Amino acid sequence: MKLTFDYNNMMDSSIGAHGIKKSEIDGAADLHAAAYSEVLSNSGKGWQEWTESPMISDAEVAELNAFGKSIRDKASSFVVLGIGGSALGPICVFNALLHLHHNELPSNVRKAPKLYVEDNIDPERMSALLDVIDVKTTYFNVITKSGETSETLSQFIILYNALKKAVGETAAKEHIFVTTTIGKGSLYNVAVKEGFKIFGIPAGVGGRFSVLSNVGLVPFAVMGVNIADMLRGARAMREACERKNITENPALMTAFLQVKSMESGKNISVMMPYADGLRTMADFYCQIWAESLGKAVDKSGKSVYCGQTPAKSLGVTDQHSQVQLYTEGPFDKVVTFIGVQSFGSTVDIPADESADVGNFLKGNTLNELITAERKATEFALTKAGRSNYTIMLPEVTAETVGELLMYYMYVTAFAGAYLNIDTFNQPGVEEGKKATFAMIGRSGYEQKLEELNSAVKSDCYIIK
């Protein structure tokens, strides 16, 4: 394991009355054992098949890489169609491991197609995409576990139609490959009929836990990400999360400290990476934390209305927009800093005597400045008695990103076990899906449409 985890500033020894006592950790041995047992005993089973994602064979990795190269060698642009976990996981990895201005690089420098991850159905966005890609040389990965996701299917229909018009029906089929559940769903049936290349998603891998399955690995292979290294990092973290002792298990410790924080009213979890390449890791975290832990009832059916609202923040950008609230506002937050020891580039601040400004900065580097600002923000929060902890990456690589992704999957699973909830369902999401199907006219949802039509709004509370 290359990542390190510093929890000092979660403890009362650092932040005083709002911190957690060591005796609270030591005195909860039975809770730790129960949470550990629930997650580890179900590893690889049911909705925890995601724990097996890093364990694929070298031959499977080689096959993915060969396919990815075959697309990379002929595509001018590569478009991922997906939403939720089918997009957020890939986005955070691409943001971390590709050049931050990948699409603007000359083609001989970037050595991979331009990349677009389309995770919204704003009609202006679709029109804008069609303005900037050459459909004739663009390849599309359509990703939906259920094969029924309205947003993704609508995108697919539009773009497949555009492809057939541009290159003809036969050639169009070669530009699309599908990642979905084998043998289930409308997309799978269409893919078989049309002859698209199909990649499977294991039945027990939910969308928000799918980034290290084919949902992520296929597009990573297309873009030339080192998936072998990423899986190596994920395996290292899996081993760390299998340690029984909570003081040696980073995910189990994080989960317990976060749950204890929720119990004391800290219902907001802020992720604050100090690296632009990790800014969208917060988006991945927001989904996995919110959808997994925001539940109305526990496993016994008792109303609990639990969860912790995730919030994203970027260091140092949001020191100038959010940190004032974190430092002096309500004691309702836990801030997670993500730091990087060694950046991929070093940028000097020249000792330019012709510009008599910022003399205290001259001779330093941006690397030193961003590190100092992270430590200073941590100090300010700690001095104010605010809960925070720090995850350090030695550098941002495929291996350390794989570790970080696996860490948060295990943290989420352990937190759900501590809370005694079903971590892997999402009943609150399903109601909105059904209502959408009804309003768009899908067969079988007529009763839901009647329910919607009967929910008449009063004009008294509408401002015109």
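Residues numbered from 1 in each chain as written. Predicted model: local features only at pLDDT ≥ 70, side-chain atom pairs only at ≥ 80, totals over all residues. Heavy atoms only, no water.

A. Examining the overall build of the protein more closely. Counting its regular elements, the protein contains 19 helices and twelve strands. Relative to a compact globule of 464 residues, whose C-alpha radius of gyration would be 23 Å, the protein shows 24 Å and is just as compact. In terms of overall dimensions, the protein has C-alpha extents of about 65 × 65 × 60 Å along its principal axes. Taken over 464 residues, the protein has a buried fraction of 49%. In the structure as shown, the protein presents an accessible area of about 21,700 Å², 53% of it carried by carbon and sulfur atoms. (Helix = DSSP H or I, 4+ residues; strand = E, 2+ residues; numbered from the N terminus. Rg over C-alpha atoms; globule rule 2.2 N^0.38 Å. Buried < 20%, exposed > 50% of the residue type's maximum accessible area, 1.4 Å probe, protein only. Areas by Shrake-Rupley, 256 points an atom, 1.4 Å probe, with all protein chains shown as cover.)

B. Seen up close, the sheet that holds strand β4 (residues 138-143). As summarised here, the arrangement of the five strands in space is β3-β2-β4-β5-β6, forming an open sheet in which the pairing is parallel. The outermost strands of the open sheet, each flanked by one partner alone, are β3 (114-118) and β6 (197-200). Across the sheet, the mean angle separating the axes of adjacent strands is 15° when strand polarity is ignored. Sitting on the sheet, helix α5 (residues 85-97) is in contact with β2 (77-81), β3 and β4, with an inclination near 150° to β3. Together, β2 and β3 form the strand contacts of helix α7 (residues 123-132), whose direction differs from that of β3 by roughly 165°. (Pairing = 2+ DSSP bridges. Axes fitted to C-alpha atoms, helices over the stretch in contact; angles between N-to-C directions. Contact = heavy atoms within 4.5 Å.)

C. Structural detail: the environment of valine 304. Along the chain, valine 304 falls in strand β9 (residues 303-306). Classification of valine 304 by relative accessible area gives partly exposed; the value is 30%. Note: C-alpha distance between valine 304 and glycine 294 (ten residues apart in sequence) is 9.6 Å.

D. Examining the pattern of salt bridges more closely. One pass over the full model with this rule turns up 20 salt bridges. One salt bridge in this structure joins glutamate 24 and lysine 260, with 3.3 Å as the shortest N-O distance. With glutamate 24 in helix α2 (residues 22-26) and lysine 260 in helix α13 (residues 250-263), this residue pair connects regions lying 236 residues apart in the sequence. The class for glutamate 24 is partly exposed, based on a relative accessible area of 28%. The residue glutamate 430 makes a salt bridge to lysine 433 at a minimum N-O spacing of 3.8 Å. Linking glutamate 430 with lysine 433, this pair stays in helix α18 (residues 427-440), spanning three residues, or about one helical turn. Among the charged side chains, a salt-bridge network with shared partners connects Glu24, Lys260 and Glu263. (Salt bridge = Lys/Arg side-chain N within 4 Å of Asp/Glu carboxyl O.)

E. Structural view of the pairing of β9. Of the pairings in the sheet, the one linking strand β8 (residues 295-297) to β9 comprises two bridges and is antiparallel in character. Among the inter-strand pairings, valine 297 is bridged to a residue of β9, identified as serine 303. Here β8 hands over to β9 after five residues, with glycine 301 in that stretch at a positive phi of 90°.

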